[in-house]
Amino acid sequence: MIKFDKAESMKSLDDIVYDEMIPAGEGWMHPLLKGQVLRIIDLEGNQGLDFLCYDLHNPEDHYSATQTIINQKKLYINTGTVLLTESGKPLLKMVADTCTCHDTIGGACATESNTVRYGHHTLHMKTCRDSFIMMIAEHADKYSKADLVPNVNLFAQILALPDGSFEFLDGISEPGSYVEFEAMNDTMILISNCPQINNPCSGYAPTTNRVVIWDK
Ligand SMILES: [Zn+2]
């Protein structure tokens, strides 16, 4: 099990400037300006959430798992992790985390991987990649499918094994667990609240997540 120390936030929900629910299986795309803080709350627990980010003013400069992993010398992200872009620009810093189980390697679920892993009967099921594409389509003036790159997995437990493979395990995220990211530069956030029901990422029963934002 991957587990880092929990780091609670001192921020009060009384001061938020934005509040939105992301229903199970839906996406969300929203800017986070430099100095703003985004909290993502796993309301019912054990709900995987796929996460990408972009330089708001240069969307081609997207989150880079490679840059982020090399910079911090580990596969998992926790409090203090800085998410870097392909060019090495810092976009977000994780400033609070009460779940402590998030990775850079599991990727987003997709129709293709579902049918290979779980069988052809999963062909019709919605996936994170579908939600990503639907959100991108609403911003088609600046984003395209080419901007969908390997993402961060929040609130899911994906374990890297000594033989180099990885395994989806039951989540450890408790109801009300949250992470907070502070924007180090103007950033576009892209989220898929995972609809997966074929592995334990969302406890086989996806649930709603909440996102709130504080101003600088
Ligand atoms: Zn998914």
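Our structure's up above, just so we're on the same page.
Residues numbered from 1 in each chain as written. Predicted model: local features only at pLDDT ≥ 70, side-chain atom pairs only at ≥ 80, totals over all residues. Heavy atoms only, no water.

1. Focus: the coordination of the zinc ion
Moving on, step 1. For the zinc ion, the full set of protein donor atoms is C109 (SG), C128 (SG) and C194 (SG), at a range of 2.2 to 2.3 Å.
Moving on, step 2. Here the donor residues for the zinc ion map to a single chain with the spacing C-x18-C-x65-C. Separated by 19 residues along the polypeptide, C109 in the loop between β6 (90-97) and α2 (111-118) and C128 in helix α3 (residues 128-137) bring together distant segments of the chain. (Donors = N, O, S within 2.8 Å, 3.2 Å for Na, K, Ca; no water. Helix = DSSP H or I, 4+ residues; strand = E, 2+ residues; numbered from the N terminus.)

2. As for the sheet that holds strand β1 (residues 18-22)
Moving on, step 1. Strand order in the open sheet formed by six strands is β1-β12-β3-β10-β6-β5, with antiparallel pairing between adjacent strands. Edge positions in the sheet fall to β1 and β5 (82-84), since each of these pairs with one other strand and no more. When the angles between neighbouring strand axes are averaged without regard to direction, this sheet yields 20°.
Moving on, step 2. Relative to strand β10 (residues 177-183), strand β3 (residues 37-42) runs antiparallel, the two sharing six bridges. Looking at the pairing, D42 lines up with S177 of β10. (Pairing = 2+ DSSP bridges. Axes fitted to C-alpha atoms, helices over the stretch in contact; angles between N-to-C directions.)

3. Some points on the sheet that holds strand β7 (residues 152-154)
Strands in a sheet are paired, the pairing made by backbone hydrogen bonds, and the direction either parallel or antiparallel.
Moving on, step 1. What the four strands build is an open sheet, ordered β2-β11-β4-β7; its pairing is antiparallel. At either end of the open sheet lies a strand with only one pairing partner, and these are β2 (27-32) and β7. Averaged over all neighbouring strand pairs, the angle between strand axes comes to 25°, with direction disregarded.
Moving on, step 2. Inspection of the sheet shows strand β4 (residues 49-55) paired to strand β11 (residues 187-193) by seven bridges, in the antiparallel sense. Of the residues in β11, the one forming a bridge with C53 is I189.
Moving on, step 3. Across the sheet, α3 lies against β2, β4 and β11, angled at about 140° from β11, the strand it touches most. (Contact = heavy atoms within 4.5 Å.)

4. Looking at helix α1 (residues 65-72)
Moving on, step 1. When we look at burial in α1, the residues that qualify are A65, T68 and Q72. Buried residues of α1, viewed axially, fall in a sector of 70°; they line one side. Turned more than 90 degrees from where α1 packs its buried face, T66 and I70 sit exposed.
Moving on, step 2. On the buried face of α1, the contacting elements are β5.
Moving on, step 3. Among the residues of α1, the N-terminal cap falls to S64, whose side-chain oxygen and the backbone nitrogen of T66 are separated by 3.4 Å.
Moving on, step 4. Where α1 terminates, the next one or two residues include K73, which has phi positive at roughly 60°. (Buried < 20%, exposed > 50% of the residue type's maximum accessible area, 1.4 Å probe, protein only. Arc of directions from axis to C-beta. Polar contact = N/O pair within 3.5 Å; in protein donor to acceptor, adjacent residues only side chain to side chain.)

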